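# Tertiary structure, described
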Amino acid sequence: MRSTYAKFVRLAVAAVATTAVTLGVAASPAYADLFQHTDGFEGDPAAVWEFHRSGAGSGAFEIGAGTAHNGQNNAILTTSAGGWSGVGKLLTVRPRTAGHSTTCGGGFFVRPLGGPAVLNVEVIDPVSWTYLALRTVRVTDTAWRRHDVATYRDGPTQVFMRISLLGGSGPVRVDDMAFQCTFFR
């Protein structure tokens, strides 16, 4: 009888230990890390930002003009029917660790100057020049508002973040870009 009881106790202890280890692993906290890049066109914006356009689109920096959302500088985009203009910059995202999933996104503050504006907020793969994420927004007021792109997962380590003003829209001021990636295990 004693050996049967001892055997039962050993099996029960083993079962409890196995359950505790399994629950400990399942209940361990998830690992998350954050990469963030912000740029408000301060310093020398022409050294890191690029203007793109098609047709009658144009862009410029307003340096110390008192028109920025924050800081001293911002960009301004204009266009007319049939054209577009954009401002963007190349970003290097910290490489993710093998086995970690990444979710990224970002946006810009925009202030229309007169009339409605249609904008694309874009994250582009600079190797294939294809969209990783794209959001088209229509703005009708003249207040500074942040407009973000939809998030995307597990992208490349270099991306081109851009905002574009689409043809027929009134001019807009652009400032305070923020881009971030969250890394999960």
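Residues numbered from 1 in each chain as written. Predicted model: local features only at pLDDT ≥ 70, side-chain atom pairs only at ≥ 80, totals over all residues. Heavy atoms only, no water.

Further remarks concern the overall build of the chain. Counting its secondary structure elements, the chain contains 1 helix and 12 strands. Order of helices (α) and strands (β) in the chain, N terminus to C terminus: α-β-β-β-β-β-β-β-β-β-β-β-β. The buried share among the 185 residues of the chain stands at 37%. Within the chain, residue pairs in contact and separated by at least 24 positions form 76% of the contacts whose partners lie at least 6 positions apart. Of the roughly 9,900 Å² of accessible surface on the chain, a fraction of 58% belongs to carbon and sulfur atoms. (Helix = DSSP H or I, 4+ residues; strand = E, 2+ residues; numbered from the N terminus. Buried < 20%, exposed > 50% of the residue type's maximum accessible area, 1.4 Å probe, protein only. Contact = heavy atoms within 4.5 Å. Areas by Shrake-Rupley, 256 points an atom, 1.4 Å probe, with all protein chains shown as cover.)

This part covers the sheet that holds strand 5 (residues 84-92). Strand order in the open sheet made by the 5 strands is 2-5-11-7-8, with antiparallel pairing throughout. Looking along the sheet, the strands with just one partner apiece sit at the ends: strand 2 (50-54) and strand 8 (130-139). Here the average twist between neighbouring strands, direction ignored, is 20 degrees. Two strands pair when backbone bridges link them, and strand 5 and strand 11 (residues 158-166) are joined in this way by 9 bridges, in the antiparallel orientation. Residue G88 lies in a different strand from strand 11, and its bridge partner there is R162. (Pairing = 2+ DSSP bridges. Axes fitted to C-alpha atoms, helices over the stretch in contact; angles between N-to-C directions.)

So, about the confidence of the model for the chain. When pLDDT is averaged along the chain, the result is 84, and 80% of the positions lie at 70 or above. Scored below 50 in pLDDT, residues 4-28 makes 0 contacts in the model with residues more than four places away or belonging to other chains. (pLDDT = per-residue confidence, 0-100.)

Moving on to the environment of D148. Along the chain, D148 turns up in strand 9 (residues 145-148). Note on D148: relative accessible area 28%, which makes it partly exposed. Beyond its immediate stretch of four places on either side in the chain, D148 contacts G106, G107, V121 and R135. Looking at D148, its side chain comes within polar contact range of the side chain of R146, at 2.7 Å. (Polar contact = N/O pair within 3.5 Å; in protein donor to acceptor, adjacent residues only side chain to side chain.)

Turning next to the nonpolar core. Ranked by internal contacts, the top residues of the largest apolar core, which has 30 residues, are F108, I163, V174 and F179. Of all the secondary structure elements, the ones that give two or more residues to this core are strand 4 (73-78), strand 5, strand 6 (101-112), strand 7 (117-125), strand 8, strand 11 and strand 12 (172-184). For this core, the element with the most residues is strand 12, which contributes 6 residues. Ignoring anything within four residues of it in the chain, the contact list for F179 reads F35, Q36, H37, L91, V93, C104, G105, G106, V123, Y152, V159 and M161. (Core = buried A, V, L, I, M, F, W, Y, C linked by side-chain atoms within 4.5 Å.)

A separate point is the packing of aromatic side chains. As enumerated under the stated definition, the model contains 5 aromatic pairs in all. Judged by centre distance (4.3 Å) and plane angle (25 degrees), the rings of F41 and W49 are stacked. Each member of the pair F41 and W49 is classed as buried. Both rings, one in W129 and one in F160, keep their centres 5.3 Å apart while their planes meet at 50 degrees; by these two values the pair is tilted. In this pair, W129 is assigned in the loop between strand 7 and strand 8 and F160 in strand 11, connecting sequence segments 31 residues apart. Exposure remark for W129: the relative accessible area of 43% places this residue in the partly exposed category. Clustering of aromatic rings is evident, with ring pairs tying together F41, W49, F51, F61 and F108. (Phe/Tyr/Trp six-rings, centres within 6.5 Å; stacked < 30°, edge-to-face > 60°.)

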